[in-house]
Amino acid sequence: MTAPIRERRARRAAADDVALIGHLMRRAAFGARAEHLEQLARKSYGAVVDDLVNPERFPPLEEDLLERFHSDQSDDESTGWTATRWSFQMINSPRPLEFKMALFWHGLFATAVSKVTNNPMMRNQYQMLRENGLSDFRTILQRLARDPAMLYWLDQQQNHAAAVNENWGRELLELFSMGRGNYTEDDVKAAARAFTGWTLDQTFPRYPSGYYDVRFVYRPEDHDETPKTFLGRTGNFNGDDIIDIILEQPATAHYLALHLYKFFVSDEPNRDEVEALAQTLTESRFDIRVTLKAMFLSEYFRQARFKRVRSPAEHVIATVRIAGRYTNAWEHGIDGLEDAIGRMGQQLLNPPTVEGWHPGREWIDSAYLIERVNFAADMLGDPSAPGVVAISRRIAGGRSGIEALALVDAVLYEMGALMLSPAAKQAIIENLELVGEVACNPPEVFANTVARVCRTISTAREFQLE
Amino acid sequence: MTGVADRPARKVERMRTTKAKALWPAPLSAAIPAPRAPYQDRYPTLFRRGHQFEIALGQRLALGGFKGPTDVAFGPDGWLYVMNRYPNDGHLAGVRWVQVNVKDDGFEFEVVPKDPPGKPGATGHEWLGSLQMTVCDSQGVLYSADEHRHTVVRCSIRGETLGYWGHPGDKPGQLNGPTGMCLDADESLWIVNTLNHRVDHYTREGEWLGGFGQQGTGPGELNFPWGVAIDPINGTVVVADWRNDLVKRFSRDGKLLQVIGRPGHGEGELHRPAGVAEDNHGDIYVADRGNNRVLSFNYRGMFIESFIGDAVINDRGMQKVLTNLDMVRMRDNIENLDREKRLKAPVSVRVDNKGRVYIADTGRYRVQVYRKMCKALRPDEVDPPTLHVDPVLT
Amino acid sequence: MPIPPVLVVLQLSGGNDFMSTVVPFGDPHYYDFRKTVGVPEDRVLKIDDRVGFSPVMTAFKEMYDQGKVAVIQGIGYPSPDRSHFRSMDIWHTAEPSKIIADGWLGKAIHELDPQKQNVCTGVSFGQGLPRAMYFSGTPVISVAHLESYGLLTTLAGNEQRSALNAFTRMYAPEEFGEASLVLGHIGQTGRDALTGADMLKVAPQRYESNVEYANDPLSQSLKGIAQVHLAGIGTRIFYAQHGGYDVHGSQRQTQPRLWSQVSRAVSDFFADLHAHDAADNVIMMVFSEFGRRVRDNGNGTDHGSGGGAFLIGDRVAGGLYAEYPSLAPDKQASGDLAFNNDFRTLYSTVLEKWFGLDATPIVNGSFEQFEGIVR
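Conventions we followed
- Residues numbered from 1 in each chain as written.
- Chains lettered and ligands numbered in written order.
- Predicted model: local features only at pLDDT ≥ 70, side-chain atom pairs only at ≥ 80, totals over all residues.
- Heavy atoms only, no water.
- Helix = DSSP H or I, 4+ residues; strand = E, 2+ residues; numbered from the N terminus.
- Rg over C-alpha atoms; globule rule 2.2 N^0.38 Å.
- Buried < 20%, exposed > 50% of the residue type's maximum accessible area, 1.4 Å probe, protein only.
- Contact = heavy atoms within 4.5 Å.
- Areas by Shrake-Rupley, 256 points an atom, 1.4 Å probe, with all protein chains shown as cover.
- Lys, Arg positive; Asp, Glu negative; His and termini not counted.
- Charge placed at Lys NZ, Arg CZ, Asp CG, Glu CD.
- Pairing = 2+ DSSP bridges.
- Axes fitted to C-alpha atoms, helices over the stretch in contact; angles between N-to-C directions.
- Parallel < 35°, antiparallel > 145°, perpendicular 65-115°, else oblique.
- Left-handed = near helix turned anticlockwise from the far one by under 90°.
- Nonpolar A, V, L, I, M, F, W, Y, C, P; charged D, E, K, R; others polar.
- Arc of directions from axis to C-beta.
- Polar contact = N/O pair within 3.5 Å; in protein donor to acceptor, adjacent residues only side chain to side chain.
- Phe/Tyr/Trp six-rings, centres within 6.5 Å; stacked < 30°, edge-to-face > 60°.
- Lys NZ or Arg CZ within 6 Å of the ring centre and 35° of its normal.

1. Quick notes on the overall build of chain A
Then comes step 1: Each helix and strand counted, chain A has 24 helices and 6 strands in total.
Then comes step 2: For 466 residues, the compact-globule estimate of 2.2 N^0.38 gives 23 Å, and chain A sits close to it at 24 Å.
Then comes step 3: The C-alpha extent of chain A, read off along each of the three principal axes, is 80 × 55 × 40 Å.
Then comes step 4: In chain A, which comprises 466 residues, the proportion classed as buried is 63%.
Then comes step 5: If you take every contact in chain A between residues at least 6 apart in sequence, the share linking residues at least 24 apart comes to 73%.
Then comes step 6: For chain A, the computed accessible surface area is about 16800 Å², with 49% contributed by carbon and sulfur atoms.
Then comes step 7: Mean positive and mean negative side-chain charge positions of chain A (52 and 65 charges, respectively) differ by 5 Å.

Listed below in structure tokens is the structure:
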């Protein structure tokens with residue numbers, strides 16, 4: 001083998017590594033430019049996965065500066081502000097999987113401020129999901145069953161021994177753990193009865209001084225102490241017993257596996273692969289960290305590139321990260337991100353119903369698509385955006401010029417090893433009138449060209465996928 | 001260079017209190033006249049009983065209500081001007097300052113800045129970014145540093161927009177994230193340029209007179225400083241070193257003189273302090289924002305007192321509650337209403353020359369006012385020096 | 001029924017104080033409860049000896065006198081929710097008892113154009129798509145500003161042309177052979193978006209009018225609606241929003257400002273349609289998520305429940321509908337106006353009598369209707 005061939009092969013192998021890690025970072029984090037991916041690729045894929053699922057290895061993001069420089073907005077009562085904090089964390093946290101998982105759980109346990117009203121409760125729920133998101137499903141369900149926002153959202157304060165309200169009991173089975181068809185109406189009633197007495201302390205009135213935290217309380221005197229039959233077992237069950245029994249059901253592992261699969265792997269689930277994931281959940285006693293690690297290391301995950309329509313939050317944050325914007329706390333305008341995400345159909349902390357958002361192709365509707373395309377085009381078409389500047393510098397390197405197709409490929413690579421059909425590349429080259437070799441000098445002119453290529457790539461249909 | 005001597009501080013205070021009990025209470029305004037430059041050379045000797053809660057100003061979601069008030073300024077007309085944080089709220093759109101009568105929580109006038117001179121067509125929303133701290137000079141001109149636009153905005157107390165000054169940049173004297181501000185005795189302005197980690201001194205017209213500061217965690221350095229106050233006795237500069245969780249006193253040419261407080265959440269400790277003020281006795285008040293309270297220290301840096309908030313429902317609030325019967329019912333079911341008295345994320349604290357302490361209770365949309373209870377002692381009433389264990393101001 | 005019937009829905013966000021809009025000055029309790037924000041009797045634009053419009057609503061009163069305004073008094077829904085969001089969702093989904101995602105107008109758009117032949121059947125003006133207009137799988141246009149509506153509109157000239165050309169090619173069906181279902185779906189949606197934008201683009205170009213709208217956002221939205229309507233691209237349901245009605249404080253300043261805007265904007269809008277002989281097939285419905293407390297709080301009013309709505313247009317039989325709720329303390333619902341007609345009555349009336357649609361599946365139930373309110 002001659003030296004040039006060896007070198008080319010090595011380069012190709014390196015590019016493959018970067019592409020794979022790019023895929024991982026889009027799914028397990030919020031995307032990264034090649035600059036960052038190349039650094040990660042110095043480690044093995046397995047080591048990168050290991051770091052992602054062990055966020056404690058990295059220091060938490062310092063957020064006080066964000067609040068300090070947005071003191072005109074930072075207010076516990078504002079859901080917009082809580083969502084803005086979340087945006088900042090998704091963009092900048094060295095522990096991205098925590099925030100990705102918060103997004104996952106928020107979608108699964110959809111709770112909306114539209115009914116809860118009290119934003120400190122919503123903020124606390126978000127905090128709870130984020131702190132426990134990588135633990136195990138039992139812990140998470142136990143926390144959820146004690147989460148004031150969730151309890152209020154599903155009328156648990158009206159669930160009394162003498163007058164049962166089934167809302168929480170039903171959704172716990174139907175939407176949060178097992179899915180329809182795996183239990184009977186009697187099981188719903190039994191679950192609801194087991195959770196009687198699980199309620200909130202007296203809500204502190206918002207007049208005249210605003211919202212206060214609300215706490216979970218258990219009132220034994222309001223708990224139904226009579227025996228219940230739930231999923232074939234009989235006993236004087238309390239709420240935690242119900243959760244334990246739920247976790248013994250094969251349907252539960254399958255339900256959670258399906259949701260994890262759709263969130264991390266593909267909009268179109270493969271039966272065997274979901275089954276394998278359910279198996280991992282069961283074997284690990286629903287350990288989320290272990291399950292995610294197994295999933296990220298699996299062959300099917302590695303192959304599942306660009307198989308998901310990304311959610312508005314993922315779309316916006318990934319785009320911002322390519323553009324390199326809002327990396328410091330005093331850059332203005334970050335509060336516009338949650339608004340943009342909302343206009344694309346995903347108002348954070350305010351999902352339309354307890355069913356949550358409908359992911360996948362339903363994210364793409366003509367009003368939402370216009371918002372998605374325009375947002376990305378504005379963000380990435382800005383030649384002064386730090387990310388675009390970095391991309392154009394790296395491509396220019398020491399060279400004087402670059403051939404048109406190579407330029408488009410290089411920009412795709414720099415944006416995080418993205419892919420585009422040959423026809424789309426051709427459309428870009430022809431419409432931007434990139435003829436022959438594009439000069440890399442002067443740098444400002446070249447940066448403009450790179451920004452135009454970035455912008456056009458960001459309008460492509462493939463850019464809606466990850 | 002001194003730190004905080006916590007241990008004996010209150011003992012000394014208590015001893016003095018006991019000794020002079022018969023003299024209590026004395027009108028404060030008569031005790032010490034407001035100093036004007038040139039500065040006096042010594043602090044009075046005091047005993048203090050503490051502070052009495054006087055009034056809570058403003059009511060959430062009501063006329064004259066504030067939204068997240070961040071600071072107050074004292075108008076020469078005797079009114080208080082409260083900086084209103086949110087520009088985008090429906091019924092408070094554009095209101096930046098709210099004029100308040102401290103005596104009865106009366107509201108008269110809302111200052112809504114209009115187009116600045118030379119910027120026809122611009123609306124207040126377009127040329128104003130984030131105003132936060134504010135002062136008012138003896139001519140009735142309100143100043144506020146615009147942290148986002150890197151300017152200092154001027155507006156009369158009658159709502160007339162007078163314009164703005166300032167050049168953004170990271171060189172000394174240029175504005176970069178300006179926030180904390182206070183008036184010197186001659187009514188020149190000291191402004192904290194947070195993103196330059198500096199405190200700068202300007203004339204009211206914006207001419208740069210000097211300043212100091214560099215980023216760091218070392219003793220003489222600043223890390224995203226926020227509030228600033230000028231010592232009315234000797235003209236030294238007191239800065240809330242926000243991210244170092246300390247208050248620091250500097251000479252006017254930037255030499256570190258004293259470190260006040262220490263980082264933490266306990267007694268006399270600071271977490272992300274914001275505003276700072278100093279009264280005519282040399283007592284320093286710090287809006288200990290991260291701990292939801294205000295702390296006071298004496299001029300020697302000894303911790304004196306903690307304010308956690310005492311606001312009880314005022315007339316305006318009561319009216320609010322009574323028109324909403326479900327709220328009345330809910331309040332009746334609460335065992336302990338104490339929580340609503342407390343400060344939440346106060347951004348600023350200011351003192352007037354009558355010994356009143358004004359706390360911008362930002363998170364609860366009100367201003368809490370306290371009155372100082374103290375007495376200045378004659379030399380023969382002062383304890384022998386051996387009892388004094390305060391660290392000496394260098 | 002005129003062909004084709006067109007509905008404009010105007011949402012007043014924040015909870016409009018109906019008692020300051022249609023003032024019940026004749027109610028013996030009115031001035032007791034409205035010590036601060038009450039409108040003196042001699043200033044009310046009287047409808048009869050009991051109620052009248054706010055003094056700033058002169059243009060509105062004129063339309064009323066011409067018999068073109070139906071005032072729906074005492075509108076609301078059972079178990080009122082005083083949260084803005086939730087109450088608005090209830091109005092949007094026509095479902096007070098359950099939280100659902102689909103909007104009543106979205107469903108109506110689906111019924112009006114089941115084959116999705118016209119992407120412009122529903123057009124909403126304002127920031128973001130209101131849930132009322134959302135129905136899964138039904139394309140609806142959401143316009144912030146008509147002039148800047150569409151794809152890549154922050155670009156100009158050649159820059160925009162080349163970007164749009166690239167977009168068109170990248171979204172063309174043949175380029176991909178529809179290998180992937182989802183890429184095919186994105187492509188179709190992108191082409192719909194382009195079509196909608198192209199259709200709407202002509203509206204301001206074709207438009208000429210002597211009516212001078214005011215410069216406030218509501219007037220501009222209604223002007224945009226007039227432009228799209230006059231362009232004849234087949235829009236059947238329009239949506240517009242006007243905010244700021246949450247008058248906890250400063251009500252005496254805010255409420256009149258808002259209603260003088262609404263009054264003028266609505267009147268200009270219909271004058272514009274008249275001038276173009278295009279008013280005959282248009283009615284407008286005005287609603288808010290709730291009314292406000294009967295008793296003022298000294299500066300303004302807090303969130304209440306029962307309120308009022310309006311139906312406006314040449315085809316509307318003007319007048320007062322339903323009863324103005326009594327302000328007598330024992331007749332109030334926990335300090336609010338007690339509603340006496342369900343909002344779905346109005347919805348059903350509009351859907352059936354105006355659009356000729358079966359209202360039951362859209363409003364999730366069967367409700368009484370106002371007879372003869374539209375012609």
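2. A look at the environment of Arg-455 of chain A
Then comes step 1: Within the secondary structure, Arg-455 of chain A sits in helix α24 (residues 443-459).
Then comes step 2: Judged by its relative accessible area of 7%, Arg-455 of chain A falls in the buried class.
Then comes step 3: Non-local contacts of Arg-455 of chain A, meaning those with residues more than four positions away in its chain, are made with Ala-377, Leu-380 and Gly-381 of chain A together with Leu-155 and Glu-159 of chain C.

3. Notes on the sheet that holds strand β4 (residues 52-53) of chain C
All names here are of chain C.
Then comes step 1: On the basis of which strands lie adjacent, the open sheet formed by 3 strands has the order β2-β4-β3 and antiparallel pairing. Strands at the two margins of the open sheet, each flanked by one partner only, are β2 (22-23) and β3 (45-46).
Then comes step 2: The sheet contact formed by β3 and β4 spans 2 bridges and is antiparallel. Counterpart to Leu-45 in the pairing with β4 is Phe-53.

4. Here we look at the sheet that holds strand β16 (residues 246-250) of chain B
All names here are of chain B.
Then comes step 1: Spatially, β14-β15-β16-β17 is the arrangement adopted by the 4 strands of the open sheet, whose pairing is antiparallel. One side of each edge strand has no neighbouring strand; the edge strands of this open sheet are β14 (228-230) and β17 (256-260). When the angles between neighbouring strand axes are averaged without regard to direction, this sheet yields 20°.
Then comes step 2: Bridging between β16 and β17 involves 4 bridges; their strand directions are antiparallel. Opposite Phe-250, over in β17, you have Leu-256 as the bridge partner.

5. Remarks on unusual backbone geometry
The phi torsion of most residues other than glycine is negative, and most of the peptide bonds are trans.
All names here are of chain A.
Then comes step 1: Cis geometry marks the peptide bond from Asn-441 to Pro-442, where omega comes out at -10°.
Then comes step 2: With respect to the helices and strands, the residue Pro-442 is situated in the loop between β6 (437-439) and α24.
Then comes step 3: Here the phi dihedral of Phe-286 falls at roughly 60°; this positive angle occurs in a residue that is not glycine.
Then comes step 4: Its place among the elements puts Phe-286 in the loop between α15 (271-283) and α16 (288-297).
Then comes step 5: Residue classification places Phe-286 among the buried residues on the basis of a relative accessible area of 6%.
Then comes step 6: Even without being a glycine, Tyr-326 presents a positive backbone phi close to 60°.
Then comes step 7: The topology assignment puts Tyr-326 in the loop between α18 (312-323) and α19 (335-343).

6. Section: the packing of α18 of chain A against helix α20 (residues 366-380) of chain A
When two helices pack together, you describe them by how their axes are tilted relative to each other and by the distance separating the axes.
Residues and elements named next belong to chain A.
Then comes step 1: Packing of α18 against α20 leaves a shortest axis separation of 9 Å and a crossing angle of 15°. As far as their axial angle goes, α20 and α18 are roughly parallel. You can see that α18 and α20 cross each other, and the crossing is right-handed. Note on element contacts: α20 touches α18 through Arg-372, Phe-375, Ala-376, Met-379 and Leu-380, opposite Pro-312, His-315, Val-316, Thr-319, Val-320, Ile-322 and Ala-323.
Then comes step 2: Tallied by class, residues from the contact of α18 with α20 come to 9 nonpolar, 2 polar and 1 charged.

7. Side note on α16 of chain A
Each α-helix winds once per 3.6 residues, and so residues spaced three or four apart point in a common direction.
Residues and elements named next belong to chain A.
Then comes step 1: For α16, the complete set of buried residues consists of Ile-288, Thr-291, Leu-292, Met-295 and Phe-296. The buried residues of α16 occupy an angular sector of 130° when projected down its axis, which confines them to one face.
Then comes step 2: A side-chain oxygen of the first residue of α16 lies 2.9 Å from the backbone nitrogen of Arg-289; this N-cap is Asp-287.

8. With respect to helix α3 (residues 45-53) of chain A
Residue and element names in this part refer to chain A.
Then comes step 1: The buried count for α3 comes to 7 of 9 residues, which makes it a mostly enclosed element.
Then comes step 2: Listed as buried for α3 are Tyr-45, Val-48, Val-49, Asp-50, Asp-51, Leu-52 and Val-53.
Then comes step 3: On its buried face, α3 sits against α1 (3-28), α2 (34-40), α6 (96-108), α16 and α17 (299-303).

9. Brief notes about the packing of aromatic side chains
Each aromatic ring pair is characterised by the separation of its centres together with the angle its planes make.
Then comes step 1: Counted under the stated rule, the structure contains 49 aromatic pairs over all chains.
Then comes step 2: Of note, Arg-461 of chain A hangs over the ring of Tyr-171 of chain C, and the distance from its end group to the ring centre comes to 5.7 Å.
Then comes step 3: For the cation-ring pair, Arg-364 of chain B lies above Tyr-212 of chain A, with the distance from its terminal atom to the ring centre recorded as 3.7 Å.

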